[in-house]
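Tertiary structure, described
For reference, the chains in residue letters:
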Amino acid sequence: MSDKPIVNISIITPKPECFAEFMELQLAQHRSLRGKVDGLIGGRLFRSRQDRDVVLVTMFESEEAALRFARDERFTSHMARISPLLEGAVPGGYRVAYEVGSL
């Protein structure tokens, strides 16, 4: 495993009738974990203008840190809560190819 930062990007499509509930749960998860996830550098949640999809971007110090959080009960229990609200989710792990400005 690499000790370089890893960026996880998930494109998430809640069921239309569940969008508001999904956002509530996602924001509550963010508030409850803020500053409490070892190895998490930062993240962003983007919502489409049409409130149809969201893009979740999280950056971890290393692939090991990302995998450790993926096994964390705080993450797995959150996934169990939101999974019934989703039409689909496409996750992926990425490394930075270039950067311009700051996000």
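Residues numbered from 1 in each chain as written. Predicted model: local features only at pLDDT ≥ 70, side-chain atom pairs only at ≥ 80, totals over all residues. Heavy atoms only, no water.

**Side note on the sheet that holds strand β4 (residues 86-94)**
Read from one edge of the open sheet, four strands run β2-β3-β1-β4, paired in antiparallel fashion. One side of each edge strand has no neighbouring strand; the edge strands of this open sheet are β2 (40-47) and β4. Across the sheet, the mean angle separating the axes of adjacent strands is 15° when strand polarity is ignored. Relative to strand β3 (residues 54-60), strand β1 (residues 6-14) runs antiparallel, the two sharing seven bridges. What sits directly across from I11, in β3, is V55. (Pairing = 2+ DSSP bridges. Helix = DSSP H or I, 4+ residues; strand = E, 2+ residues; numbered from the N terminus. Axes fitted to C-alpha atoms, helices over the stretch in contact; angles between N-to-C directions.)

**A closer look at the nonpolar core**
I12, C18, F19, F22, M23, V54, I82, L85 and L86 together form the largest nonpolar core, which totals nine residues. Of the residues forming this core, the biggest block, three residues, is contributed by helix α1 (residues 19-33). In contact with V54, other than residues within four places in its own chain, are S10, I11, I12, F19, F22, M23, L45, F46 and R47. If you look at the next biggest cluster of nonpolar residues, it comprises seven residues, including I6, A65, A66 and F69. (Core = buried A, V, L, I, M, F, W, Y, C linked by side-chain atoms within 4.5 Å. Buried < 20%, exposed > 50% of the residue type's maximum accessible area, 1.4 Å probe, protein only. Contact = heavy atoms within 4.5 Å.)

**A few points about the environment of I41**
Among the structural elements, I41 can be located in strand β2. The class of I41 is partly exposed, set by a relative accessible area of 48%. For I41 and F60, which are 19 residues apart along the polypeptide, the C-alpha to C-alpha distance reads 5.2 Å. Setting aside chain neighbours within four positions, we find I41 in contact with P5, M59, F60 and E61.

**Considerations on the pattern of salt bridges**
Within the structure shown, the criterion is met by six salt bridges. Between R68 and D38 there is a salt bridge whose closest N-O contact spans 3.2 Å. Here R68, found in helix α2 (residues 63-70), pairs with D38, found in the loop between α1 and β2; they are 30 residues apart in sequence, far enough to count as distant. Using a relative accessible area of 57% as the deciding quantity, one classes D38 as exposed. Measuring nitrogen to oxygen at the nearest pair gives 3.6 Å for the salt bridge that ties R68 to E64. (Salt bridge = Lys/Arg side-chain N within 4 Å of Asp/Glu carboxyl O.)

**Section: the packing of aromatic side chains**
Under the defined criterion, the tally for this structure stands at two aromatic pairs. Measuring from ring centre to ring centre gives 6.1 Å for F60 and F69, while their planes differ by 35°; the resulting arrangement is tilted. Considered together, F60 and F69 belong to a single accessibility category, that of buried residues. With a centroid separation of 5.3 Å and an interplanar angle of 55°, the aromatic rings of F69 and F75 are classed as tilted. On the accessibility criterion, F69 (14% relative accessible area) is buried. Looking at F75, the relative accessible area reads 27%, which means it is partly exposed. Joined through ring pairs, the aromatic side chains of F60, F69 and F75 make up one cluster. (Phe/Tyr/Trp six-rings, centres within 6.5 Å; stacked < 30°, edge-to-face > 60°.)

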